[in-house]
Amino acid sequence: MDGYWRGLLAPIEADYRVATVPTVTRLDAATWQPVGSPTRGGAKCYLTFDTDFKWTFDATDDVPIMSGGLVAISRRWWNETGGYDSSMLGWGGENIDLSLRIWRCGGAIKAAKESYVAHMYRELGK
């Protein structure tokens, strides 16, 4: 996929306060083969009242909450928002924290729908 990064960088080049996220597809952890369509996945999450986040597939490019660790962001905006909170020692929640700070500090998170990253989901205990 030549140029996969263009969709991630173009919005940031237009406004340094925009972070972008790719479409996350599935990769089988045992075989390293795509699961389902390699171009069908999610890029957008939303937060529920029990602090869980779920995938959403609406038609806009706005991303309420990004999935963890899969983000393109300018160094300037990363530093201005404080990046990841160094007090968060365990796994989970950093995506929610950074997403809320990006939005509350006047930035935006956009889906780069033509950029794909495969993720290996693993079952707990295996």
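Quick note: structure is the one above.
Residues numbered from 1 in each chain as written. Predicted model: local features only at pLDDT ≥ 70, side-chain atom pairs only at ≥ 80, totals over all residues. Heavy atoms only, no water.

Draft legend 1. Here's a closer look at helix α3 (residues 94-104). Those residues of α3 that sit buried are E94, N95, I96, L98, S99 and I102. The positive-phi residue at the C-terminal boundary of α3 is G106, with phi of around 95°. (Buried < 20%, exposed > 50% of the residue type's maximum accessible area, 1.4 Å probe, protein only. Helix = DSSP H or I, 4+ residues; strand = E, 2+ residues; numbered from the N terminus.)

Draft legend 2. Highlighting the packing of aromatic side chains. Taken as a whole and judged by the stated rule, the model has 2 aromatic pairs. With centroids separated by 6.0 Å and ring planes inclined at 85°, the aromatic side chains of Y16 and W77 adopt a geometry described as edge-to-face. Taken together, the residues Y16 in the loop between α1 (6-14) and β1 (18-27) and W77 in helix α2 (residues 75-81) connect sequence positions 61 residues apart. You can call Y16 partly exposed: its relative accessible area is 24%. W77 gets classed as buried once you look at its relative accessible area, which sits at 3%. Sitting above the plane of the Y16 ring, R76 keeps its charged end 3.8 Å from the centroid. (Phe/Tyr/Trp six-rings, centres within 6.5 Å; stacked < 30°, edge-to-face > 60°. Lys NZ or Arg CZ within 6 Å of the ring centre and 35° of its normal.)

Draft legend 3. Quick peek at the pattern of salt bridges. Counted according to the given criterion, the structure contains 5 salt bridges. One salt bridge in this structure joins D15 and R17, with 3.7 Å as the shortest N-O distance. On the basis of relative accessible area, D15 is assigned to the partly exposed category, the value being 28%. A salt bridge links D62 to K110; the shortest N-O distance between them is 2.4 Å. Within this pair, whereas D62 is found in the loop between β4 (53-56) and α2, its partner K110 is found in strand β5 (residues 108-119), the two being separated by 48 residues in sequence. The partly exposed category is assigned to D62, whose relative accessible area is 34%. K110 sits in the partly exposed class, given a relative accessible area of 26%. (Salt bridge = Lys/Arg side-chain N within 4 Å of Asp/Glu carboxyl O.)

Draft legend 4. Here's a closer look at the side chain of S67. Considering the arrangement of structural elements, one finds S67 in the loop between β4 and α2. Not counting chain neighbours up to four residues away, the residues in contact with S67 comprise V24, C45, W55 and N95. (Contact = heavy atoms within 4.5 Å.)

Draft legend 5. Inspection of the sheet that holds β1 at higher detail. Strand order in the open sheet made by the 3 strands is β2-β1-β5, with mixed pairing throughout. Edge strands, defined here as strands with exactly one partner in the open sheet, are β2 (34-35) and β5. Looking at chain direction, β1 and β5 are connected through 9 bridges and run parallel. Within β5, the position partnered with T23 by the bridge is Y116. This element, α1, spans β1 and β5 of the sheet and lies at about 165° to β1. Packed on one face of the sheet, α3 meets β1 and β5 and runs near 150° to β5. (Pairing = 2+ DSSP bridges. Axes fitted to C-alpha atoms, helices over the stretch in contact; angles between N-to-C directions.)

Remember that the coordinates give geometry; whether it matters functionally is a separate question.
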